[in-house]
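So the chains spell out like this:
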Amino acid sequence: MSLLEISSFAAGQWVAPGTGARNIASAITGEVIASAGNDALDVQGMLDYARAVGGANLRKLTFHDRARMLKALAGHLNQHKQALYDLSFNTGATQSDHMIDIDGGIGTMFVFASKGRREMPDGHVYLDGDVEQLSRNGTFLGQHICTPLRGVAVHINAFNFPVWGMLEKLAPTLLAGVPAIVKPATNSCYVTELAVKLMLDSGILPEGALQLVSGGLGDMLDHLTMQDVVSFTGSANTALKLRANPVILENSVRFVAEQDSLNASILGPDAQPGTPEFDLFVKEVSREMTTKAGQKCTAIRRIIAPQAQVDAVIEALSARLSKTVIGDPRLDTTRMGALVSNSQKRDVLEKAEIIGQEAERVFGDPENFSVDGADADAEKGAFVPPMLFHCADPDNAQRVHDTEAFGPVSTIMGYRDLDHAIDLANRGQGSLVASVITHDANVAREVAIGAGAYHGRLYFNNRDSMKESTGHGSPLPHMVHGGPGRAGGGEEMGGVRGVKHYMQRTAIQGSPDILSAIGDKWVPGGTEIEGPAHPFTRKFGELSIGETLHTAPRTVTLEDIETFAHFTGDTFYAHMDDDAARRNPFFPGRVAHGYLLLSFAAGLFVQPDEGPVLANTGLDNLRFMKPISAGESIKVRLSVKKKTPRNEEYGEVRWHVTLTNQDDEIAAEYELLTMNAF
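Values in this document were obtained by computation on a predicted structure and should not be read as measured data.

Quick notes on the rules
Residues numbered from 1 in each chain as written. Predicted model: local features only at pLDDT ≥ 70, side-chain atom pairs only at ≥ 80, totals over all residues. Heavy atoms only, no water. Helix = DSSP H or I, 4+ residues; strand = E, 2+ residues; numbered from the N terminus. Buried < 20%, exposed > 50% of the residue type's maximum accessible area, 1.4 Å probe, protein only. Contact = heavy atoms within 4.5 Å. Areas by Shrake-Rupley, 256 points an atom, 1.4 Å probe, with all protein chains shown as cover. Lys, Arg positive; Asp, Glu negative; His and termini not counted. Charge placed at Lys NZ, Arg CZ, Asp CG, Glu CD. 1 Å grid on protein atoms, 1.4 Å probe; cavity = no way out; pocket = protein on both sides within 12 Å on 5 of 7 lines; lining within 4 Å. Points joined across faces, edges and corners; volume = space filled by probe spheres on them. Nonpolar A, V, L, I, M, F, W, Y, C, P; charged D, E, K, R; others polar. Axes fitted to C-alpha atoms, helices over the stretch in contact; angles between N-to-C directions. Parallel < 35°, antiparallel > 145°, perpendicular 65-115°, else oblique. Pairing = 2+ DSSP bridges. Phe/Tyr/Trp six-rings, centres within 6.5 Å; stacked < 30°, edge-to-face > 60°. Lys NZ or Arg CZ within 6 Å of the ring centre and 35° of its normal. Right-handed = clockwise from strand over helix to strand, strands pointing away. Expected span 1.5 Å × (residues − 1). Core = buried A, V, L, I, M, F, W, Y, C linked by side-chain atoms within 4.5 Å.

*Asks:* Talk me through the overall build of the chain; I want residue IDs and the actual numbers.
*Replies:* Across its full length, the chain holds 20 helices and 29 strands. Principal-axis analysis of the C-alpha atoms gives the chain an extent of 90 × 60 × 45 Å. Burial statistics for the chain: of 678 residues in total, 55% are counted as buried. Excluding contacts between residues fewer than 6 apart, the proportion of contacts in the chain whose partners are at least 24 apart in sequence is 74%. Total accessible area on the chain stands at roughly 28300 Å², and carbon and sulfur atoms take up 49% of it. Side chains of the chain give 61 positive and 83 negative charges; the mean places of these two sets differ by 2 Å.

Below, the structure written as structure tokens:
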């Protein structure tokens, strides 16, 4: 292939490689295939452009607008992913590796798009938590809100996932309403560049929302402000240098790090050879060692097994690893490709040598292994075999617990009891993930209690869940990805949690009307609007937040209570036995069923004719506060609390419903959900 010139996209212009450009070699052949880098980039201009143009354009959009934008971007990338596959082979990745990187990244965007539409408002302010009553009569309230930062997110990504690594950061950033400058690792930046070109060429993104640095960042971090964010994935040493930047420290710039991780996997004491769990454990470890040639931040680096099972695990794992075909990743028969570069190969071999000072290599010889494929150069390419080490004395070892060979290298060690296994897992001083393969729920509980503080994610698997589980090494957009200590102390993804990393949480205080206006959500105690007609006769777009209906009262009779009891079969003593009910500290005697009151409430506020209300889809936050006895009456206040469009035909209306008795005391309160036509 001809030499690729990998450009940057800065302030709306593509900038070709220039001064400071470096060559990039194919992981398969070792031949130079591209160059990237330009020391002359105007980094201050890029930051200004992102803040002034990109941020302003994104903030004009609602959360739902941005979610639809993410969905469209994901769909566009999905249509062009074959081009990304074809280019990505040069990183040493196989087709199955592409499914994790490229398809996984696209899938992550789809998930954030869905969560943005379902869990965030069609507005510009995200309400974080419930309203807090700060005064006796409810005229002074508090609410936490989140709004987009007014800066730029600088994403510094690792070489191993040039697409997923970008998209898993980009999706929550754009959904928050913050522009991004993406800086991929140079060794694989040519794949990221193509993905960025595809997104920009689609015309889906607003101007300034996305920029790309192919090569070094220069002094960009020296120009950051308190409104900016740095999200980094890479080595702990690099993270420490970046985090220590005086500007980042002085301005309290948010710095999210996902770095080195000595992830562990524990074979439960119940998982004997011959059990489904033992076989699953061997399969999981083998897969994590060889997928992406072990170049995964979540790969299993330490294998922790009962001392009595260590030999059996070594034998079974070695047998499985021996079937791993290493070679040209473009071949269908290849199961493990190359490392991303020869410099990475040297680093892995050096780290394996350090581990070898405390452990014996029991499988894999980097001096003697075969590579399949005529175009794969075993000498010039970045190929290494899977290497399994055995540490016989993990208690007195240090290097196996602090040295990560970022490749297909893992160390097995034995444990005496479960407490010992937990201690060994925690010796890594913080990881992204630890897994436990066990069918004993008590084992899982003990590990969760003993190891939870040291690991960002705990993955449990066994015969019951293995057919649908996603695997030890698969971070999911729904769940937090990150870890304490050595793993960087940061968090990414985690659904809407990840979006909030790019927003400012602010405590607002004021009257119900003030909170209602800021959050676009009616707060009880706020002004009630009288509509021109029954609210159930008005279309979604015609209803106003705070529009309220007050119903006439209805008296609850003893006959009503008994009829409901016999009709439903709910003859609980509090409704049918006056003496027994009086002995209960909650009731004055026989009382109406709570669900009878809800039914009567619906009868009071429902408009029965065909109209814009299409369906009742449920109720939330139901509370019964005061019992209603026979002879007492109830009335209802029905208020439009929130409106959320769902598609072009209908939207969800959230109604605040309050049932009060004849003394205006609240008997019940809940939120009713309906779908209303536009």
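What follows picks up the thread again.
*Asks:* How would you explain empty space enclosed by the protein if you had to name every residue and give the values?
*Replies:* In this approach, a probe sized like a water molecule rolls over the atoms, and the result shows the empty space that is left. Going through the model one piece at a time under the given rule, you end up with 4 cavities of 30 Å³ or more. Looking at the largest cavity, its volume works out to about 70 Å³. Forming the walls of the largest cavity are N157, A158, N160, F161, W164, G165, E168, K169, T233, E258 and C297. Here the lining of the largest cavity takes 4 residues from helix α5 (residues 164-176), the largest share from any one element. Per-class residue counts for the lining of the largest cavity are 4 nonpolar, 4 polar and 3 charged.

*Asks:* Describe the environment of L317, and please don't skip the residues or the numbers.
*Replies:* Following the sequence through the fold, L317 ends up in helix α10 (residues 310-321). Along the sequence, L317 and I248 sit 69 residues apart, while their C-alpha atoms lie 45 Å from each other.

*Asks:* Describe in detail the packing of α5 against helix α6 (residues 189-201), supporting the description with residues and values.
*Replies:* Their axes nearest at 10 Å, the elements α5 and α6 cross at an angle of 40°. What the angle tells us is that α5 and α6 run oblique. For the pair formed by α5 and α6, the contact residues are M166, L167 and L170 on the first element and T192, A195, V196 and M199 on the second. Broken down by class, the residue content of the contact of α5 with α6 amounts to 6 nonpolar, 1 polar and no charged.

*Asks:* With reference to specific residues and values, describe the sheet that holds strand β20 (residues 458-461).
*Replies:* Read from one edge to the other, the open sheet built from 7 strands follows the order β16-β17-β18-β15-β14-β19-β20, with strand pairing classed as mixed. Since the sheet does not close on itself, it has two edges, and those belong to β16 (360-363) and β20, each with one partner. Between one strand and the next, the sheet's axes are offset by a mean angle of 25°, whatever the strand orientation. Here strand β14 (residues 264-267) pairs with strand β15 (residues 302-306) via 3 bridges, running parallel. From the neighbouring strand, A264 faces β15, where its bridge partner is R302. Relative to strand β17 (residues 387-391), helix α11 (residues 342-355) is tilted by about 20°, and along the sheet it contacts β17 and β18 (409-415).

*Asks:* Provide a residue-level description of the packing of aromatic side chains, including the pertinent values.
*Replies:* Overall, the coordinates contain 8 aromatic pairs when judged by the stated rule. An angle of 75° between the planes, with centres 6.0 Å apart, marks the rings of F536 and F605 as edge-to-face. Here F536 is found in the loop between α16 (512-519) and β24 (548-550), whereas its partner F605 is found in helix α20 (residues 594-605), with 69 residues between them in sequence. Given a relative accessible area of 8%, F536 falls into the buried group. With relative accessibility at 3%, the residue F605 sits in the buried group. An aromatic cluster is built from F536, F605 and W655, whose rings are joined through pairwise contacts. Its guanidinium or amino end placed over the ring of F63, R66 lies 4.9 Å from that ring's centre, counting from NZ or CZ. Geometry around W14 places K197 over its ring, the cationic atom sitting 5.3 Å from the centre.

*Asks:* Got a sec to walk through the pairing of β15? Specific residues and values, please.
*Replies:* Among the 5 residues of β15, 5 are classified as buried, and the element is accordingly described as predominantly covered. For the segment spanning β14, helix α9 (residues 276-290) and β15, crossover handedness is right-handed. As defined by bridge partners, β15 adjoins β18 across 5 bridges and the pair is classed as parallel. Pairing of P306 across the sheet is with Y415, part of β18.

*Asks:* Just give me the short version of α20, but keep the residues and values in it.
*Replies:* If you check α20, its first and last C-alpha atoms are 17 Å apart, about what 12 residues at 1.5 Å a residue would give, namely 16 Å. Listed in full, the buried residues belonging to α20 are G594, L596, L597, L598, F600, A601 and F605.

*Asks:* With reference to specific residues and values, describe unusual backbone geometry.
*Replies:* Notably, K292 is not glycine yet its phi reads approximately 55°, a positive angle. Inspection of the secondary structure puts K292 in the loop between α9 and β15. For K292, a relative accessible area of 6% gives the class buried. Located in the positive-phi region is D664, a residue other than glycine, with phi close to 65°. Along the chain, D664 falls in the loop between β28 (650-661) and β29 (666-677).

*Asks:* Break down the nonpolar core for me, citing the residues and quoting the values.
*Replies:* Membership of the largest hydrophobic core comes to 57 residues, with the highest contact counts inside it found for L70, M109, L167, L174, M199 and L205. A per-element tally of this core places α5 first, with 8 residues. Excluding residues within four positions of it along the chain, L174 makes contact with L58, R66, M69, L70, L73, L205 and A209. Listed in part, the 37 residues of the second largest apolar core include A27, A338, Y415 and A425.

*Asks:* Explain the layout of surface pockets residue by residue, including any values.
*Replies:* Looking at the largest pocket, its volume works out to about 1200 Å³. Of the residues that constitute the lining of the largest pocket, the class distribution is 13 nonpolar, 11 polar and 15 charged. Its boundaries defined by the atoms lining it, the second largest pocket holds a volume of some 920 Å³. Lining the second largest pocket are 33 residues, with F159, T233, G234, S235 and T238 sitting closest to its centre. Residues that form the lining of the second largest pocket fall into these classes: 10 nonpolar, 14 polar and 9 charged.

That's the geometry; what it means functionally is another story.
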